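What follows is each chain in one-letter form.
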There are 2 protein chains.
Amino acid sequence: MGLKVYGHRMSQPARAVYIFCKMNGIDFEEISVNFFTGETSSPEYQEINPMKQVPAIVHGSLKLWESHAILRYLACAFPGVPDHWYPIDLHKRAKIESVLDWHHLNLRHGALRLVQAVVLAPKLGRPPNPQVAAEAEKLLCESLEKIETVWLKESGPFLLGNSEPSIADLSLVCEIMQLEVLDEKDIDRILGPRKIVQQWMEDTKNATKPHFEEIHGLLYETKAELRKQRLGANNA
Amino acid sequence: MGLKVYGHRMSQPARAVYIFCKMNGIDFEEISVNFFTGETSSPEYQEINPMKQVPAIVHGSLKLWESHAILRYLACAFPGVPDHWYPIDLHKRAKIESVLDWHHLNLRHGALRLVQAVVLAPKLGRPPNPQVAAEAEKLLCESLEKIETVWLKESGPFLLGNSEPSIADLSLVCEIMQLEVLDEKDIDRILGPRKIVQQWMEDTKNATKPHFEEIHGLLYETKAELRKQRLGANNA
């Protein structure tokens, strides 16, 4: 029973699913659905995911969307996934669920809206909205502070003091990676003071190599391209 | 090993946890933490939940917050909880996870922000923000439409076509109940056209009686009080 993953390497939750599969030897067919060009709204894709978002999976009779639900499912449905990704122990699992649930209206909401307001809106010809950008950055910075003071408070390298990464580490680090498309000075302002977050991101990249960097290749290319455009605009 | 639930009956996710416990015969000590008066920011409460929100639970050595994480944990940790609340079957569980994850940035984000902008902001002496209210109502209405056309598309009375409620039904219905504090004409405009949602809410209330109505008692009292205040303001 083959696994199909519908996504795009510029989507942070899709990248988390790709990396998880590769880390755990889960064979899958990667089907690119480009949300920039409206492919997520095609009638064919809405048959897979009526919410018109990526990622989504098809596995036998199951059609599933929402990246955290997908990661939980894959961790349970495929034999041989190491327990640290989504522990069977009820207390350990519950704490990871707590991080995953917190993510949506905190780190994700801040980071996603900031990138949309600062990078995507101008690309789509929409007027800049400094108020939305400022609110989003505030939430993002508060979220990064909570990651350092609450979720990374314990002594282990990963969230909740764990010695190995869980699906929560993967999801949150892929989210923060999306900030790479911002201007260098914005990245420095937001992430520069966050030494604990920086170390945790390095640890997560190291624990998931070489797949982490491979799956982020398109993001790095896009970052370089945007940088070139900004330098050109500044020189003009 | 006693279970302590820190919450408040005006908090929609706390109500979902209370109702779940009562429905499943889970004994707990209800500890009221009033977020209106800042009790969630006390040093004592931050020892329980550093995110300064309700609900949270303490169960043995476990301190846990985020209502969906709590509901999942309770469904697994207490023997005798019927399977329909959080099924062991991987496909069924995955679909319920998908609803729970979708909830945060859709129904919850819309409903919460609307109530905050329209009811709470004036109470706290903040200026009204019609733009935030309009954006929140738009997201709320889109979310209600998605509940009808996606999550309630199948023929069963509950989400995903299920014949009995899951923790997702409980969480989402408690969220929509919070709209009771809005003005009658606002409720009619938003929920009036949503006959399928209305029927599902009735079915969920019936499946969880008498606990649903008992736990919502304070919300109904608050609704009546707000209505009296509005009538007074209109007559003055």
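Residues numbered from 1 in each chain as written. Chains lettered and ligands numbered in written order. Predicted model: local features only at pLDDT ≥ 70, side-chain atom pairs only at ≥ 80, totals over all residues. Heavy atoms only, no water.

(A) Quick peek at the overall build of chain A. Each helix and strand counted, chain A has ten helices and four strands in total. Against the 2.2 N^0.38 benchmark of 18 Å for 236 residues, chain A shows a C-alpha radius of gyration of 18 Å, consistent with a compact globule. Over its C-alpha atoms, taken along the principal directions, chain A stretches across nearly 55 × 45 × 30 Å. Taken across its 236 residues, chain A has 53% of its residues classed as buried. (Helix = DSSP H or I, 4+ residues; strand = E, 2+ residues; numbered from the N terminus. Rg over C-alpha atoms; globule rule 2.2 N^0.38 Å. Buried < 20%, exposed > 50% of the residue type's maximum accessible area, 1.4 Å probe, protein only.)

(B) Representation of helix α7 (residues 184–191) of chain B within the structure. B:Asp186, B:Ile187, B:Ile190 and B:Leu191 are the residues of α7(B) that are buried. In a view along the axis of α7(B), the buried residues occupy a sector of 105 degrees, so they form one face of it. (Arc of directions from axis to C-beta.)

(C) Summary view of the nonpolar core. Residues A:Leu74, A:Ile147, A:Trp200, B:Leu74, B:Ile147 and B:Trp200 are the most contacted members of the largest nonpolar core, which totals 153 residues. The contact partners of A:Ile147, leaving out residues within four places of it in the chain, are A:Trp102, A:Leu107, A:Leu152, A:Leu159, A:Leu172, A:Ile176, A:Val197 and A:Trp200. (Core = buried A, V, L, I, M, F, W, Y, C linked by side-chain atoms within 4.5 Å. Contact = heavy atoms within 4.5 Å.)

(D) Region of interest: the packing of helix α4 (residues 90–123) of chain A against helix α6 (residues 167–177) of chain A. All names here are of chain A. Direction vectors running N to C along α4 and α6 enclose 5 degrees, while the axes themselves pass 10 Å from each other. Considering their axes alone, α4 and α6 lie roughly parallel with respect to each other. Contact residues: Ile96, Val99, Leu100, Trp102, His103, Leu107, Arg108, Ala111 and Leu112 in α4; Ile167, Ala168, Ser171, Leu172, Glu175 and Ile176 in α6. Its residues assigned to classes, the contact of α4 with α6 shows eleven nonpolar, two polar and two charged. (Axes fitted to C-alpha atoms, helices over the stretch in contact; angles between N-to-C directions. Parallel < 35°, antiparallel > 145°, perpendicular 65-115°, else oblique. Nonpolar A, V, L, I, M, F, W, Y, C, P; charged D, E, K, R; others polar.)

(E) Region of the structure containing the confidence of the model for chain A. With 100% of its residues at a pLDDT of 70 or more, chain A shows a mean pLDDT of 96. Here the predicted complex carries an ipTM of 0.97, next to a pTM of 0.97. (pLDDT = per-residue confidence, 0-100.)

(F) Quick look at the interface of chain B and chain A. Taken together, the 32 residues of chain B in the interface contact 32 residues of chain A. Across the chain B/chain A interface, buried area totals approximately 3000 Å², and carbon plus sulfur atoms make up 65% of it. Looking at the side of chain B facing chain A, the largest losses of area belong to B:Met51, B:His91 and B:Asp101, adding up to 19% of the total buried there. Summed over the shared surface of chain B and chain A, the number is four salt bridges. A salt bridge links A:Arg72 to B:Asp101; the shortest N-O distance between them is 3.0 Å. (Buried area = accessible area lost by both parts, 1.4 Å probe. Salt bridge = Lys/Arg side-chain N within 4 Å of Asp/Glu carboxyl O.)

(G) Inspection of the relation of the copies chain B and chain A at higher detail. Once turned by 180 degrees and shifted 0.0 Å along the axis, chain B lies on chain A with an RMSD of 0.0 Å. Considering both components of the superposition, the chain copies are consistent with a two-fold axis. Most of the interface of chain B is mirrored in chain A, where 100% of its interface residues are also at the interface. (Least-squares fit on C-alpha atoms with pLDDT ≥ 70 in both.)

(H) Highlighting the sheet that holds strand β3 (residues 56–59) of chain A. The four strands are arranged β2-β1-β3-β4 (chain A) in an open sheet whose pairing can be described as mixed. Only two strands of the sheet have a single partner each, and these edge strands are β2 (29–32) and β4 (62–65) of chain A. Each strand of the sheet is rotated relative to its neighbour by a mean of 20 degrees, with strand direction disregarded. Sheet topology places strand β1 (residues 3–7) of chain A next to β2(A); four bridges connect them, and they run parallel. Paired with A:Tyr6 across the bridge in β2(A) is A:Ile31. Against the sheet, helix α4 (residues 90–123) of chain B touches β3 and β4 of chain A, its axis set at about 25 degrees to β4(A). (Pairing = 2+ DSSP bridges.)

(I) Structural view of the packing of aromatic side chains. All chains considered together, the criterion is met by twelve aromatic pairs over all chains. In this structure an aromatic cluster arises from ring pairing among A:Trp65, B:Trp102 and B:Trp151. When the ring centre of A:Tyr86 is taken as reference, the NZ or CZ atom of A:Arg93 above it lies at 3.8 Å. When the ring centre of B:Trp65 is taken as reference, the NZ or CZ atom of A:Lys95 above it lies at 4.5 Å. (Phe/Tyr/Trp six-rings, centres within 6.5 Å; stacked < 30°, edge-to-face > 60°. Lys NZ or Arg CZ within 6 Å of the ring centre and 35° of its normal.)

(J) The pairing of strand β3 (residues 56–59) of chain B, seen in detail. Residues and elements named next belong to chain B. Of the two faces of β3, both are covered, the one formed by Ala56 and Val58 as well as the one formed by Ile57 and His59. Relative to strand β4 (residues 62–65), β3 runs antiparallel, the two being bridged by four bridges. Its bridge partner lying in β4, Val58 is registered against Lys63. Taken together, β3 and the strand that follows it, β4, pair antiparallel across an intervening segment of two residues, in which Gly60 is found at a positive phi of about 60 degrees.

(K) Broad picture of the sheet that holds β4(B). Residues and elements named next belong to chain B. Taken together, four strands build an open sheet; the order of strands is β2-β1-β3-β4 and the sheet is mixed. Each having just a single partner strand, β2 (29–32) and β4 make up the two edges of the open sheet. Neighbouring strand axes in the sheet, compared pairwise and without regard to direction, differ in orientation by 20 degrees on average. Running at roughly 130 degrees to β4, helix α3 (residues 67–77) makes contact with β1 (3–7), β3 and β4 of the sheet.

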